[in-house]
Amino acid sequence: EFLPPPGDTHVSQWYSNKTDAASADRVIATPGAPTLGIDAAMRVGGTISGNVTDSVTGAPLANQCIFVYSATTSLGSCNETAGHYVTGGLPAGQYTVEFYDGFGGPYMRQYFDGQNDWASAKPVTVSIGQDASGTDAAMVKGGTFSGTVTDISTAAPLSDICVQPEQTTPTGNFSANATCTDKYGHYITEGVPSGSYKLDFTNSGGRYIEQWYSDKLDRASADPVSTTLGTDTRNVNVAMQRSRRTP
């Protein structure tokens, strides 16, 4: 496989001039002898570009993540410069473009053109050597939840506990990424739409028993918590029990 460096606009390919591993030509290597002539003529791909702004103020936003998906391709990056992004090296085709606040900020994820879920996203057409410019997003500040996670026995703050908000009554294809606690046991979720949620607290190492707010062992018995756009619902705290499987 031939892969262009990050930021390059050429399309990756497989030998010889194939778009995927399944159709690639096999190369036979002989120990102790170079296999010559395994060349590639790289093609410039298409690009998707646009601006990411705050929906209320119109201010350009940095540190927003943009992912593009097609049936055969998925690429993503986060814009470190305020507002503008370019995703290049794309094969021709139809793409779904996702925008989300990748650094734990309050903005809700969305899909082009201003849609809340994957199924409603407007596809973006990419042609080789062309820029699908104007693929913009006006990001909306959602509601957030924040709090502290501690050990129920010692009251010590717990790091790396992941918090997943789930709608009390699921609607559409909504999903939110989990947010994990810092070294002080504190967390703040990504922005979510106004409504009622149940919060799930887990850790990948199995040190502590999975639980739901507030101190419940399953989703059915969890206490719902509400939030509204632009508001942080604070003090959603839990004290976790250590698993018997760990010392």
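A. Looking closely at the layout of surface pockets. As a volume, the largest pocket reaches approximately 530 Å³. Val11, Ser12, Thr73, Gly89 and Pro91 are, among the 25 residues lining the largest pocket, the residues nearest its centre. When residues of the lining of the largest pocket are traced back to their parent elements, those giving at least two are β3 (74–79) and β4 (84–90). Classifying every residue of the lining of the largest pocket by side-chain character gives 11 nonpolar, 10 polar and 4 charged.

B. Structural detail: the packing of aromatic side chains. A full pass over the atoms with the stated rule returns 7 aromatic pairs. On the numbers, 5.2 Å between centres and 55° between planes, the contact of Tyr69 with Trp118 is tilted. Pair noted here: Tyr69 is in strand β2 (residues 64–69) and Trp118 is in the loop between β6 (110–111) and β7 (124–126), with a separation of 49 residues, a long-range link. On the accessibility criterion, Tyr69 (23% relative accessible area) is partly exposed. Under the relative-accessibility criterion, Trp118 is labelled partly exposed at 44%. Ring centres 5.9 Å apart and planes at 80° place the aromatic pair Tyr85 and Phe99 in the edge-to-face group. One end of the pair, Tyr85, is in strand β4; the other, Phe99, is in strand β5 (residues 93–101), and 14 residues separate them in sequence. Taken as a pair, Tyr85 and Phe99 share a single burial class, namely buried.

C. Broad picture of the pairing of strand β10 (residues 144–151). Burial analysis of β10 places 7 of its 8 residues in the buried class, the great majority of the element. Both β10 and strand β17 (residues 232–233) contribute to a ladder of 2 bridges, which runs parallel. For Phe145, the partnering residue across the bridge sits in β17 and is Thr233. Note that β10 and strand β13 (residues 186–188) share 3 bridges and pair antiparallel. Looking at β13, one finds that Gly147 is bridged to Tyr187. With 3 bridges joining them, β10 and strand β18 (residues 238–240) adopt parallel strand pairing. The partner of Val149 across the bridge, within β18, is Val238.

D. Highlighting the pattern of salt bridges. Within the structure shown, the criterion is met by 6 salt bridges. Across the salt bridge formed by Asp25 and Lys18, the nearest N and O atoms sit 2.9 Å from each other. Exposure remark for Lys18: the relative accessible area of 25% places this residue in the partly exposed category. With a closest N to O distance of 2.4 Å, Glu98 and Arg109 form a salt bridge. Of the two residues, Glu98 sits in strand β5 while Arg109 sits in the loop between β5 and β6, which places them 11 residues apart along the sequence. Of the two residues examined, Glu98 and Arg109, each falls in the buried class.

E. Quick look at the side chain of Thr179. Here Thr179 shows up in strand β12 (residues 179–180). When neighbours within four sequence positions are excluded, Thr179 is seen to be in contact with Ile161, Cys162, Val163, Ile188, Thr189 and Glu190.

F. The state of the cysteines, seen in detail. All chains considered together, the criterion is met by 2 disulfides. For Cys65, the disulfide goes to Cys78, at an S-S distance of 1.9 Å. Disulfide Cys65-Cys78: the torsion about the S-S bond is 85°, which places it as right-handed. In this pair, Cys65 is assigned in strand β2 and Cys78 in strand β3, connecting sequence segments 13 residues apart. Classification of Cys65 as buried rests on a relative accessible area of 2%. According to the relative accessible area criterion, Cys78 is partly exposed, its value standing at 32%.

Rules and cut-offs
Residues numbered from 1 in each chain as written. Predicted model: local features only at pLDDT ≥ 70, side-chain atom pairs only at ≥ 80, totals over all residues. Heavy atoms only, no water. 1 Å grid on protein atoms, 1.4 Å probe; cavity = no way out; pocket = protein on both sides within 12 Å on 5 of 7 lines; lining within 4 Å. Points joined across faces, edges and corners; volume = space filled by probe spheres on them. Helix = DSSP H or I, 4+ residues; strand = E, 2+ residues; numbered from the N terminus. Nonpolar A, V, L, I, M, F, W, Y, C, P; charged D, E, K, R; others polar. Phe/Tyr/Trp six-rings, centres within 6.5 Å; stacked < 30°, edge-to-face > 60°. Buried < 20%, exposed > 50% of the residue type's maximum accessible area, 1.4 Å probe, protein only. Pairing = 2+ DSSP bridges. Salt bridge = Lys/Arg side-chain N within 4 Å of Asp/Glu carboxyl O. Contact = heavy atoms within 4.5 Å. Disulfide = S-S within 2.5 Å.

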